[in-house]
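What follows is the residue order along each chain.
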Amino acid sequence: MPNSLVFDLIEHPFFQRLRRISQMGLSYLVYPGAHHTRFHHALGSMHLMQKAIQVLRFKGIEISVEEENALLIAILLHDIGHGPFSHAMEHSLVSGISHEEISLHFMEQLNAEFSGNLTMAIAIFKGDYPRTFMCQLISSQLDMDRADYLKRDSFYTGVAEGNINSERLITMLNVVDDRLVIEEKGIYSVEKFLVARRFMYWQVYLHKTGLVAEQLLTRILKRAKELVSEGATLACSEALFFFLENEISKSNFDKATLEVFSKLDDVDVLSAIKTWQDDDDFVLSNLCKMVINRELLKIKIKNKPIKPKALEEHIDRLKSTYNINEAQARYFVFVGEITNQAYKQKKEHIDILLKSGKVKDVVKVSDHLNIKALSKPVTKYYMCYPKIRM
């Protein structure tokens, strides 16, 4: 353990909650081993940060003890704002506020509790700290967050293509003009990292079954919210009911809301779904049964947008089979799109430090044909609909 402050932060109920938030949502419905949590990932990212600091100091980059602590705390707490099942919450129970913004609320609350000792960590997390490379270690295209989750998710899912050499990448880190760079001899590890990221997105994070499961989860919460707004009383935990009953957005996410949010985790949502299977509402009960019994919707993925006619046919069939209205049918029949871009060249590139001392973008240096292609976004379109017996 680096020091007593880090120990106390890990011991805090806000952080312990991460033990009850799965890292990959409902992906375990596809990959049975993917039961690891945000708690695992936060500790792993901090471990890699310790190694990165060690490597940079060895190369003559000055990092004070205060800065070291701030870096460790910033990476430890970077995901503390995730809600149940990680990403599904952001689109259903709260609106217009991301998990990063909620993480910041948590960090500010902890800063008040720990006598201002997180002030520098917060500045680094927000990207406000004057030493750019430190902010890049927390959030960039080659940060400690990605270095941990790609390797960890690949291990727990058993998808070997995602297994990156994070040790090698960290050993090759350096700083030039206050920006992170990778030394030239590490270029193949960077190429492998970008290719692995692309594979993991198509094969794991955007896997069609995982995609359907997350869509169902979002729709369950949306339907529950709708029913509560119409006056229904749904059995669930107090914390979950608070978010079903109230419209929470960036403008009204205050200290009291944070306190309720900190009591919310996967257990609340899963137990509610188990209970709601038997609800009188056709939509809610069927959506819940699908998730609990893993009898999910069918999904078709295409390279072109789905024709409206195909969507209408499925909606009409569902309406006549179950005698439900259009709005109800649209909970089970819908379209969407997914995009995969392994390397965002315009956003903030990965710089390679050449032996000559020049710094160039990895795309310009790499002789790997795929790297340029990896910076182009690929979009696919999907349609979900039920196997007609529900």
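Residues numbered from 1 in each chain as written. Predicted model: local features only at pLDDT ≥ 70, side-chain atom pairs only at ≥ 80, totals over all residues. Heavy atoms only, no water.

J.: Give a detailed account of the packing of aromatic side chains, specifying residues and quantitative values.
T.: Summed over all chains, the structure comprises eleven aromatic pairs. Seen from their ring centres, Phe155 and Tyr156 are 5.2 Å apart, and the 90 degrees between their planes marks the pair as edge-to-face. Judged by its relative accessible area of 63%, Phe155 is exposed. Note on Tyr156: relative accessible area 28%, which makes it partly exposed. For the pair Phe282 and Phe332, a centre-to-centre distance of 6.0 Å together with 70 degrees between the ring planes defines the contact as edge-to-face. Taken as a pair, Phe282 in helix H15 (residues 282–292) and Phe332 in the loop between helix H17 (326–329) and strand S6 (334–340) lie far apart in primary sequence, 50 residues in all. We classify Phe332 as buried; its relative accessible area is 0%. Put simply, the rings of Phe14, Phe106, Phe242, Phe243, Phe253 and Phe261 touch in pairs and so form one group of aromatic residues. Lying over the aromatic face of Phe334, Arg219 brings its terminal NZ or CZ to 3.4 Å of the ring centre. Directly above the aromatic system of Trp202 lies the positively charged group of Lys380, at a separation of 4.3 Å from the ring centroid. (Phe/Tyr/Trp six-rings, centres within 6.5 Å; stacked < 30°, edge-to-face > 60°. Buried < 20%, exposed > 50% of the residue type's maximum accessible area, 1.4 Å probe, protein only. Helix = DSSP H or I, 4+ residues; strand = E, 2+ residues; numbered from the N terminus. Lys NZ or Arg CZ within 6 Å of the ring centre and 35° of its normal.)

J.: How would you sum up the side chain of His36? Please name residues and give values.
T.: One can find His36 in the loop between helix H2 (13–16) and helix H3 (38–58). Within the structure, the side chain of His36 is placed 2.7 Å from the side chain of Asp153, a separation counted as a polar contact. What His36 contacts, discounting residues up to four positions off in sequence, is Ser22, Gln23, Met24, Arg152, Asp153 and Tyr156. (Polar contact = N/O pair within 3.5 Å; in protein donor to acceptor, adjacent residues only side chain to side chain. Contact = heavy atoms within 4.5 Å.)

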